[in-house]
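Analysis of the macromolecular model
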Amino acid sequence: MGIDNSLKVDIGGGLQLKNPIMTASGTFGYGSEFADYLDLQRLGGIVVKGISLQPRPGNPPPRIVETSCGMLNAIGLENVGVENFSSAKMPFLRKIGTPVIVNILGDSIEEYSELAEKLNVIEGISAIEVNISCPNVKKGGVAFGTDPVMVKKVTESVKARTSLPVIIKLSPNVTDITATARAAEDGGADTISLINTLMGIAIDHRTRRPKLANIIGGLSGPAIKPVALRMVWQVANAVKIPVIGIGGIMSTEDALEFMVAGASAVQVGTANLVDPDTAERIIDGIGDFVEELGCQSIQEIVGTLRTD
Amino acid sequence: MTAIKFGTEVLRNEKITDDICRLTLLAPAIAEKARPGQFVMVKASDDFGLPLLRRPFSIHQATTDGQLQILFKSIGRGTAFLAKRQPGDILSLVGPLGKGFTLPSQPTNICIVGGGMGTAPLFYLAKKLLRSNTEHKAIKVFLGAATASEIKVLQNDFAGLGGLTVLVATDDGSTGHHGLVTELLTDNLDQAGNWQVYSCGPHPMMKAVASYCFARNWSCQVSLETLMACGISACLGCAIRGSGQGVDSNKPYLHVCKDGPVFAAGDVAWE
Ligand SMILES: Cc1cc2nc3c(=O)[nH]c(=O)nc-3n(C[C@H](O)[C@H](O)[C@H](O)COP(=O)(O)OP(=O)(O)OC[C@H]3O[C@@H](n4cnc5c(N)ncnc54)[C@H](O)[C@@H]3O)c2cc1C
Ligand SMILES: Cc1cc2nc3c(=O)[nH]c(=O)nc-3n(C[C@H](O)[C@H](O)[C@H](O)COP(=O)(O)O)c2cc1C
Ligand code: FES
């Protein structure tokens, strides 16, 4: 038995991770960028930068700005496209042996499902994570993730085209997070991950200009952790499928809080940018915690928030 | 490449002016690998972890005995925190990062143009040029600053290297030429010669230097700045517009932390 087994977690769709710590999309490149800073083999999973059918150039600069306890980004989903990803990035990722979860994005349902089909035949991919925080170009640019009907449709069409486990990554920019979560579950999602970034603006009052060229950006980092915890807790109580918690995780304690709230696993995002070895540090910390608690499995703490 | 992250000890904190500091750190693993024009990401946060993001600083000097210097102006929270560091304090650094200056392998005429804190990486460049096996025909250094006090120490440091000429311009005329550093170029560079130009400083200055070089067909390398979140090409936040002619001609954007911070001036879209 020993420590190794005690950190194993099931995240749905038959996918088991050696520990509950993954790296979040867009904050960990394609993995290789971090090879100098931590042992990639120790990670529970690697979620790569969002991939689209065609390469995307991204938004004009400035793309990032630091805000109170967090940062705003408007990278504009710059990525190498699925073909390049498969030929240039997958060979390295395959060699590591850590589960690779490919985050996908699109501007139409067709694009999502075509991506799912393409990824289905690429060797070495463990799951697909669907970023539904993207604008639906055919529906006036309203994000897929804000409309439960669209969430269900996207989930169904991705599921129909792949045999890989499908994780639906929810947008927090909604009134009722449980509505989109249930829609994903109804559509057949194996897992739900949340939260993506919260929409925000930073302003320079002297020039009276937005600090990002795109005006609006996505807020991430410690600033969003309470919101993320609340949403993870609500969703974990609303659906039966496993939930992955994301949002402002910087430390072991943060990760454990998400698990208590109901997350079966977590993703570390912005913290990778600050300290590239954060994920490995948290894995060590979770190991220590399990030992200290003397429990058989870290899964014992999932969803144990006491509200009495 | 292999950059690393670790705690480094502050050995010295010199106040150049009220708000310009030079920190000397004991960082052998970084110093050993550092090339001129590369940078480090420094954690400049207090006990509460704020500010959150690391701050990029050019390598001002790296020595064979493991010392690394950064030279910076206190302009905000992170730099104010760094300005207060004392010998014995530990700072977390990631580096060396990015692509540095390309040094000529043939003897040539070299012109270095620095403005403000842009002078920081140029000192290490000058030192490496002087210590390289290639004996250059001439090395001329042009430094611009707001006022005399901001440039005196550096001017002396450059002059102290020997084997180069240093000319200075200040905004207030308190020392050297009264005006822009770029105004010194025409009178002091043999226009018939072929110069390898290196520049770092405020964007308008580098833009002027770049167009000066384009007009004369001189090779010019610039070191650029953007806001950065990671410095290790993970976030893609440090994009600048490329000219479409250089390194990645099919891509509209270049990334300062990975493709730079030093670029051939012709690779950059000067807007
Ligand atoms: C590759 C690279 C090398 C650098 N080398 C040096 C160096 O050797 N010496 C040095 O003094 N600085 C250098 N800088 C700039 C330095 O990183 C910033 O001064 C620093 O991040 C400011 O942090 P702060 O927390 O003090 O300021 P903040 O509190 O973050 O900002 C204060 C104000 O300054 C503005 N600001 C922040 N960063 C910059 C910037 N890069 N350029 C212009 N305005 C900015 C902010 O928008 C804000 O208005 C370099 C930057 C890059 C990208
Ligand atoms: C620079 C940056 C780029 C991101 N890119 C993506 C992306 O391509 N796809 C995606 O689903 N989420 C993306 N995200 C969102 C993160 O994966 C994560 O959901 C969010 O940042 C919240 O977690 P954090 O606070 O730990 O960073 C990005 C976040 C950042 C900061
Ligand atoms: S600063 Fe993050 S990619 Fe350059």
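Values in this document were obtained by computation on a predicted structure and should not be read as measured data.

**A closer look at the interface of chain A and chain B**
Between chain A and chain B, the residue contacts involve 29 residues of the former and 31 residues of the latter. In this assembly, chain A packs against chain B so that about 2500 Å² is buried in total across both faces, 62% of it on carbon and sulfur atoms. The largest contributions to the chain A side of the interface with chain B come from Tyr37(A), Ile64(A) and Glu66(A), which together make up 24% of the buried area. Remark: the boundary between chain A and chain B carries four salt bridges. Linking Arg54(B) and Asp275(A) is a salt bridge whose minimum nitrogen-to-oxygen distance equals 2.6 Å. Across the chain A-chain B interface, the total number found is eight residue pairs in polar contact (both at pLDDT 80 or more). When residues of the side of chain A that touches chain B are traced back to their parent elements, those giving at least two are β5 (64-67), β6 (70-73) and α8 (270-274) of chain A. In terms of residue count, α8(A) provides more of the side of chain A that touches chain B than any other element does, three residues in total. Among the residues forming the side of chain A that touches chain B, the class breakdown is 14 nonpolar, seven polar and eight charged.

**Details of the confidence of the model for chain B**
Residue and element names in this part refer to chain B. Averaged over all residues, the pLDDT of chain B equals 93, while 97% of them reach at least 70. The weakest mean pLDDT in chain B belongs to strand β1 (residues 4-15) at 89; the strongest belongs to strand β4 (residues 55-58) at 98. The ipTM assigned to the predicted complex is 0.94, against a pTM of 0.96.

**Some remarks on the environment of Pro60(A)**
Within the fold, Pro60(A) resides in the loop between β4 (45-51) and β5. Looking at Pro60(A), the relative accessible area reads 31%, which means it is partly exposed.

**Remarks on the nonpolar core**
In this structure, Val130(A) and Leu194(A) are the most contacted members of the largest nonpolar core, which totals 139 residues. Of the residues forming this core, the biggest block, six residues, is contributed by helix α6 (residues 203-216) of chain B. Other than its neighbours up to four places away in sequence, Val130(A) contacts Ile104(A), Tyr112(A), Val154(A), Val158(A), Val166(A), Ile167(A), Ile168(A) and Lys169(A). In this structure, Leu71(B), Phe101(B), Leu122(B) and Phe158(B) belong to the second largest nonpolar core, which totals 25 residues.

**Describing the site of ligand 1**
All names here are of chain B. Close to ligand 1 lie 20 residues; Arg55, Pro56, Leu71, Gly78 and Thr79 are nearest. Contacts to ligand 1 include arginine 77, whose backbone N or O atom sits 3.2 Å from an oxygen atom. The protein chains hide 72% of the 900 Å² of surface that ligand 1 would expose on its own. Going through the elements one at a time, β4, β6 (67-73) and α2 (77-83) are the ones with two or more residues in the shell around ligand 1. Counting residues domain by domain, the shell around ligand 1 receives three or more from each of domain 1 (4-97) and domain 3 (226-271).

Cut-off values and rules
What you see as residue numbers is a count from 1 along each chain, following the sequence as written. Lettering of chains starts at A and numbering of ligands starts at 1, both following the order in which they are written. Note on the predicted model: pLDDT of at least 70 is required for a residue's local features to be given, and 80 or more for side-chain atom pairs to be given and counted; whole-chain, interface and lining totals, by contrast, use all residues. Hydrogens and water are ignored here; the side-chain numbers use all heavy atoms of the structure. Two residues form a contact once any of their heavy atoms are found within 4.5 Å. As a working definition, buried area equals the accessible area (1.4 Å probe) given up by two parts on being put together, with both sides summed. We define a salt bridge as a contact between a side-chain nitrogen of Lys or Arg and a carboxyl oxygen of Asp or Glu at a distance within 4 Å. Polar contacts here mean pairs of N or O atoms no more than 3.5 Å apart (in protein, one a potential hydrogen donor and the other a potential acceptor; neighbouring residues in sequence count only if both atoms are side-chain atoms). What counts as a helix is a DSSP run of H or I of at least four residues, what counts as a strand is a run of E of at least two, and both are numbered from the N terminus. Ten residues, namely Ala, Val, Leu, Ile, Met, Phe, Trp, Tyr, Cys and Pro, are considered nonpolar, four, namely Asp, Glu, Lys and Arg, are considered charged, and the remaining ones, Gly among them, are considered polar. The quantity called pLDDT is the predictor's confidence in a given residue, expressed from 0 to 100. When accessible area is computed with a 1.4 Å probe and restricted to protein chains, residues below 20% of their type maximum are described as buried, those above 50% as exposed, and intermediate ones as partly exposed. To define a nonpolar core, start from buried Ala, Val, Leu, Ile, Met, Phe, Trp, Tyr and Cys residues and group those joined through side-chain atoms within 4.5 Å. Near is defined per residue: the residue qualifies when any heavy atom it owns lies within 4 Å of the molecule or strand. Accessibility throughout is a Shrake-Rupley quantity obtained with a 1.4 Å probe, and a residue counts as covered only by protein chains that appear here. For each domain, the first and last residues come from an automatic or database assignment.

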